[in-house]
Amino acid sequence: MNDCKTVALRMRALKNGMMSFYLDYYPGYRDRETMKVIRHESLGIYIYARPKNQRERQFNDTMTEKAEAIRCRRYNDIINERYDFFDRKRLKGDFLAYYHKLLPKHDQKWEFVYLHFCNYVHGKCTFEEIDVDLCNGFREYLLNAYQLKNPRRRVSNNSAAGYWSTFRGMLNLLHRDKYLRTNINDYLEKIETVDVVKDYLSVEELHKLAETPCEIPILRTASLFSCLTSLRISDILALQWENIVDYNAGGKCVHIVTVKTKSEDIIPISEEALELIGYSEDKRGKVFQGLKRSWVQHPLKHWVRSAGINKNITFHSFRRTFATLQAAAGTDLRTIQSIMAHKSITTTQRYMKTVDANKRDACNRITLKRK
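What counts and what doesn't
Residues numbered from 1 in each chain as written. Predicted model: local features only at pLDDT ≥ 70, side-chain atom pairs only at ≥ 80, totals over all residues. Heavy atoms only, no water. Pairing = 2+ DSSP bridges. Helix = DSSP H or I, 4+ residues; strand = E, 2+ residues; numbered from the N terminus. Axes fitted to C-alpha atoms, helices over the stretch in contact; angles between N-to-C directions. Salt bridge = Lys/Arg side-chain N within 4 Å of Asp/Glu carboxyl O. Buried < 20%, exposed > 50% of the residue type's maximum accessible area, 1.4 Å probe, protein only. Expected span 1.5 Å × (residues − 1). Core = buried A, V, L, I, M, F, W, Y, C linked by side-chain atoms within 4.5 Å. Contact = heavy atoms within 4.5 Å. Parallel < 35°, antiparallel > 145°, perpendicular 65-115°, else oblique. Left-handed = near helix turned anticlockwise from the far one by under 90°. Polar contact = N/O pair within 3.5 Å; in protein donor to acceptor, adjacent residues only side chain to side chain.

**Student:** Let's hear about the sheet that holds strand β6 (residues 264-269): which residues, and what values?
**Tutor:** Whenever strands of a sheet pair, they do so through backbone hydrogen bonds, lying parallel or antiparallel. On the basis of which strands lie adjacent, the open sheet formed by three strands has the order β4-β5-β6 and antiparallel pairing. Single-partner strands in this sheet number two, and they are β4 (244-246) and β6. Direction aside, neighbouring strands of the sheet carry axes that sit 35 degrees apart on average. Relative to strand β5 (residues 252-257), β4 runs antiparallel, the two being bridged by three bridges. Each residue of the ladder has a partner; that of D246, found in β5, is K252.

Structure below.
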C-alpha cells in the first residue's frame, strides 16, 4: 500500500475472490458539480486476492501499476488545484479586501488602480469573478475613465497605460498565489503609450526660479533640492537627516530605500545642495519638516509663474530637470541611470529626447564645406 500526504491507494476484498482498488482522500475534497465532500473513489480496477499462477501474478502487477499511476495523477491534480480541491472557499473570497491589504506595500499608483477598479465593479468582486471578459472590460473603462481628483478631466492615455500595467502586475500575483487557475495576462493586450513632450527647466529658468522668493520657503528649498539630487516628492517628504551619510568616494550622500520602488538608493550630494538645506551632523528628524504634499499643486504653480516661467511645471519636473541638464552637460547615460535608480536604461533614455543642445551639436558635426 502506497501512502502520500493527501491520497492513499487502498484495496477492499470482494466475495468473488478478487480485490478492488480505491483511493482514500484525506481529509476529502468537495466535488464542483454536486458540492458533496468526497472521501473515497473507486477505480474499477481489480486483482486476484490469491493468485494461483504466474499469469495471475503478472496480471496483478500490471493492474497495481495502473492503479498507482491514477493515484499519482490525482495527487498531481491536488497540487495544481486543477479540481479546486480544498480551495472553493478561497475562490469565493473578497478580491477587493485582498487588494486593499496590499496597498501599504506599494506606491500610490496601486491605490489609484484599486479605487478605479472599485468603481468599475461597483464595490464587489470575488476571485472567482476575475476572468478575461472582466479584465478586458476594466481595460476599456480605464481608456474612458475620469480622474479621481478631478472628475471633469479624463484619465490620459499614458496614465491609463500605467494603471493597466499595474493591474496586470496584480493578476500575476494572483496566479502565483493560486487565486487564479490560469494566468489571464496571456490573453490580455497592453495599452500602448504615446510620446508626450513633458516640460523641464532650462539652466536659465532654474536660475530664475532660485532667485524668486516663495511664499512657502520650505517648498522652495525642497524643490531646488530635488533639482540638485533628482529625489521624488515621496522621498523628499520621508527624508531624514540620518539618511545623509559619508560617501565612500568623498563628501556626503543620501542613503535611502525609495518609497516608490522599495529599492536601496545612494545619491551623492553636492556641497551646494548641503548648503541649501543647512546641513549639520547634529541634526535629527525630518529634513523638510512641515512640508505638505498638497503644496506641490497650487502653491508650487503660483511660485513658478511668479518667476516668469509659463511651462507646466510639476514637482516631478524637477527630477526631469536634473536628468536633462545632466545629459546636456555631458554626463553619460549610465551614470544618470545610476543616480536616478532606474532599473532599465530605457526609462533614462526617455529624458534624453529633450536634450536639444546635444542634438544641435550633433547636427552641426556634418557639413558639406571643407574646413
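**Student:** Before we move on, can you summarise the pattern of salt bridges with the specific residues and values?
**Tutor:** Tallying each qualifying case throughout the model produces eleven salt bridges. Of the charged contacts, one joins D24 and R10 as a salt bridge, the two residues approaching to 2.7 Å between their closest N and O atoms. With D24 in strand β2 (residues 18-30) and R10 in strand β1 (residues 7-13), this pair connects stretches of sequence that are 14 residues apart. For R10, a relative accessible area of 24% puts it in the partly exposed group. The closest approach of N and O atoms between K311 and E205, which form a salt bridge, is 2.8 Å. Highlighted residues: K311 in the loop between α11 (298-306) and α12 (315-328) and E205 in helix α7 (residues 203-211), separated in sequence by 106 residues.

**Student:** Kindly report on helix α8 (residues 217-229), identifying the contributing residues and their values.
**Tutor:** The end-to-end C-alpha separation of α8 is 18 Å, in line with the 18 Å expected for 13 residues at 1.5 Å each. Where α8 is concerned, the buried positions are L219, T221, A222, S223, L224, F225, S226, C227 and T229. S230, located one to two residues past α8, shows a positive phi value of around 75 degrees.

**Student:** Talk me through the nonpolar core; I want residue IDs and the actual numbers.
**Tutor:** Ranked by size, the top nonpolar core spans 44 residues in total, and within it F225, I236 and F288 carry the most contacts. Here this core takes six residues from α12, the largest share from any one element. For F225, the residues in contact, after removing those within four places along its chain, are L231, I236, L239, I269, A273, L276, I277 and F288. Membership of the second largest hydrophobic core comes to 36 residues, among which are C118, Y163, F167 and L188.

**Student:** Explain the packing of helix α3 (residues 95-102) against helix α4 (residues 108-121) to me, and be specific about the residues and the numbers.
**Tutor:** Packed helices, taken two at a time, are described by the angle between their axes plus the distance between the axes. For the pair α3 and α4, the least separation of the axes is 10 Å and the interaxial angle reads 165 degrees. Relative to α4, the element α3 is oriented roughly antiparallel. Both α3 and α4 take part in a crossing whose hand is left-handed. Facing F95, L96, Y99 and H100 of α3, the residues of α4 in contact are W110, V113, Y114, F117, C118 and V121.

**Student:** Please give an account of the side chain of T324 that cites residues and values.
**Tutor:** With respect to the helices and strands, the residue T324 is situated in helix α12. Polar contacts involving the side chain of T324 include one to the main-chain carbonyl oxygen of R320, which spans 2.9 Å.

**Student:** Report on the environment of N157, specifying residues and quantitative values.
**Tutor:** Residue position: N157 is located in helix α6 (residues 157-176). The exposure class assigned to N157 is partly exposed, which follows from its relative accessible area of 32%. Sequence separation between N157 and E192 is 35 residues, and the spatial gap between their C-alpha atoms is 8.2 Å. Setting aside residues no more than four positions away along its own chain, N157 makes contact with L143, I191, E192, T193 and V194. Polar side-chain contacts of N157 include one of 2.8 Å to the backbone oxygen of E192.

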